[in-house]
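# Survey of secondary and tertiary structure
If you want the building blocks of each chain, they are given just below.
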Amino acid sequence: MDKKVKLNFDLQKSDLVTRRLTDFCDKANSVVIPLMKSLGVCITLESVIRYAGNSDALNADYLEAEKVKSKVDNAYLLQIVERNAAAQFDEAFDRYPYDDFEPHYPDLLMLSKERICVNAEAVREFCTIYLREDQREVYDRYMKAVEALNDFYRGKAQDGVFIGTQFPVKDGKVFPSQLINFDYYK
């Protein structure tokens, strides 16, 4: 397909997706990111999503990072470092507790200034319905029908009517409908 043909925008889907993503962002920004900051853990989109869905992974990664930072190779001292790191994690988690939660659409999120937010452009694209290549022939036939009706009416089609329910009219002109099921007419 040479160029993507936009057929419709699913507003209900957009509202649902945005609402779910916003809920995730609110929770991640209020507990997960502050917890990560208090522990000195690097904040990336991937790490916030991962740790929101698995606080045990955050705990394990934090403990491992603290052991590596200590540069201690003595087993006894390493246990002390691990115990201290575990106590620090527990204290921080008590300040920012949460039950694990995951986003429904992680690809539609972005990180901006150490805050998770909805990528509105990605949501818009995700909720836009485009013509598929296997629908091209039917679409071309439909557009020829719209042209033929406009040729017939010559700007005098009755406004506000649907000719055959699939050809909306406005200002005397027939327009393509956004509600055509091109698969039905294959």
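Summary of the structure given here. None of these values were measured; they are calculated from a predicted model.

Right, let's talk about the packing of helix H3 (residues 55-70) against helix H4 (residues 75-95) for a bit. Interhelical geometry of H3 versus H4 gives an angle of 140 degrees and a closest axis separation of 9 Å. Put simply, H3 runs oblique to H4. Note on packing geometry: the crossing formed by H3 with H4 is right-handed. Residues Ser55, Leu58, Asn59, Tyr62, Leu63, Glu66, Lys67 and Ser70 of H3 form the contact with H4, whose participating residues are Leu78, Val81, Glu82, Ala85, Ala86, Gln88, Phe89 and Phe93. Of the residues in the contact of H3 with H4, the class split is nine nonpolar, four polar and three charged.

Despite not being glycine, Lys113 shows a phi value in the positive range, around 55 degrees. Here Lys113 lies in the loop between strand S2 (109-112) and strand S3 (115-118). By relative accessible area, Lys113 is classed as exposed at 79%. Not every positive phi belongs to a glycine, and Asp171 is a case in point at roughly 55 degrees. As for its position among the elements, Asp171 is in the loop between strand S6 (167-170) and strand S7 (173-174). Overall, the relative accessible area of 62% leaves Asp171 in the exposed class.

With 29 residues, helix H1 (residues 11-39) extends 40 Å between its outermost C-alpha atoms, agreeing within 8% with the 42 Å of an ideal straight helix rising 1.5 Å per residue. For H1, the principal kink sits at Ala28 and spans about 45 degrees. Here H1 starts with a cap whose side-chain oxygen sits 3.4 Å from the backbone nitrogen of Gln12, and that cap is Asp10. One or two positions beyond H1, positive phi appears at Gly40, with a value near 75 degrees.

Calculation notes
- Residues numbered from 1 in each chain as written.
- Predicted model: local features only at pLDDT ≥ 70, side-chain atom pairs only at ≥ 80, totals over all residues.
- Heavy atoms only, no water.
- Axes fitted to C-alpha atoms, helices over the stretch in contact; angles between N-to-C directions.
- Helix = DSSP H or I, 4+ residues; strand = E, 2+ residues; numbered from the N terminus.
- Parallel < 35°, antiparallel > 145°, perpendicular 65-115°, else oblique.
- Left-handed = near helix turned anticlockwise from the far one by under 90°.
- Contact = heavy atoms within 4.5 Å.
- Nonpolar A, V, L, I, M, F, W, Y, C, P; charged D, E, K, R; others polar.
- Buried < 20%, exposed > 50% of the residue type's maximum accessible area, 1.4 Å probe, protein only.
- Expected span 1.5 Å × (residues − 1).
- Bend = angle between axes of the 7 residues up to and from the residue.
- Polar contact = N/O pair within 3.5 Å; in protein donor to acceptor, adjacent residues only side chain to side chain.

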